[in-house]
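# Examination of the molecular architecture
The primary structure of each chain is shown beneath.
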Amino acid sequence: MRIGNRLNRMLWAGLVPALILLGACESAKKEQPAAPAGQPSLNNPSSLNAQAPDVYWTKFDTTKGSFVIKVTRDWAPIGADRFYNLVKNGFYNNASFFRVIPGFIVQFGISADPNLSGVWHDADIQDDLVKQSNVAGTVTFATAGPNTRTTQIFINLADNRSLDGQGFSPFGTVTEGMNVAQSFYSGYGEGAPMGSGPDQQLIQSQGEAYLASNFPKLDHIKSATVLQSAP
């Protein structure tokens, strides 16, 4: 559902509100230098349009260790392509796991650079059909409603099949390091406005500087890469 013209985005799962927040701040949008014609650039979302392989793996090196995501393009081809381009071009590097709810999800995908957050704020992609259930270990784009996926991702830490009927379409699964995903710091709890954890609008507008000052215990991604072959 949409709340506050995309500033607050939330999901209600079962009887308990479960936020999949994708807040944004228009003030983070700034002019970025143009990349040479035809060259993919994070500053130009439309230039990151490569089709992903039918199956590929990504490795995330984090402050708690590494984990591997196997992506099967047939599950959710539009989401798989977006994720491939983001990882390949370094979008997730240095970003924090800003929302960790034990027994539910771990969420990331707001750039460490607030300028990039502004660039990608409106880079929505169309929905994929839900072909796979949101069981533990699956990886899915966060959303604010129909056709609003951009860059934020969550890993299901439990059986969250209740999300299937709300349009959340898994595109991959954690095949190595699920214990790492389950170990990220969760002490700050749910994010604002439902809890006292990180405010996504402020992450969008201030980047990692906001998190480092106010939530220094958060774990973060050191680097994310597309692997050349199966691990």
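Residues numbered from 1 in each chain as written. Predicted model: local features only at pLDDT ≥ 70, side-chain atom pairs only at ≥ 80, totals over all residues. Heavy atoms only, no water.

To continue, consider the environment of Phe154. Relative to the assigned elements, Phe154 resides in strand β10 (residues 153-156). Overall, Phe154 belongs to the buried group, its relative accessible area being 0%. (Helix = DSSP H or I, 4+ residues; strand = E, 2+ residues; numbered from the N terminus. Buried < 20%, exposed > 50% of the residue type's maximum accessible area, 1.4 Å probe, protein only.)

Below, the discussion takes up the side chain of Thr72. Looking at the secondary structure, you find Thr72 in strand β6 (residues 65-72). Residue Thr72 is classed as buried on the basis of its relative accessible area, which comes to 18%.

To continue, consider the sheet that holds β6. The strand order across the open sheet formed by 8 strands is β7-β8-β10-β9-β11-β6-β5-β12, and the pairing between neighbours is antiparallel. Lying at the two open borders of the sheet, with one neighbouring strand each, are β7 (99-101) and β12 (221-226). Sheet twist, expressed as the mean angle between neighbouring strand axes with direction ignored, is 25°. Looking at chain direction, strand β9 (residues 138-141) and strand β11 (residues 170-176) are connected through 3 bridges and run antiparallel. The partner of Thr138 across the bridge, within β11, is Thr173. Along the sheet, helix α1 (residues 77-88) contacts β5 (55-62), β6, β9, β10, β11 and β12; its crossing angle with β5, the most-contacted strand, is approximately 45°. (Pairing = 2+ DSSP bridges. Axes fitted to C-alpha atoms, helices over the stretch in contact; angles between N-to-C directions. Contact = heavy atoms within 4.5 Å.)

Attention now moves to the environment of Gly103. Inspection of the secondary structure puts Gly103 in the loop between β7 and β8 (105-108). For the pair Gly103 and Asn160, spaced 57 residues apart in sequence, the C-alpha to C-alpha distance is 9.3 Å. If sequence neighbours within four positions are ignored, Gly103 has contacts with Leu157, Ala158 and Asn160.

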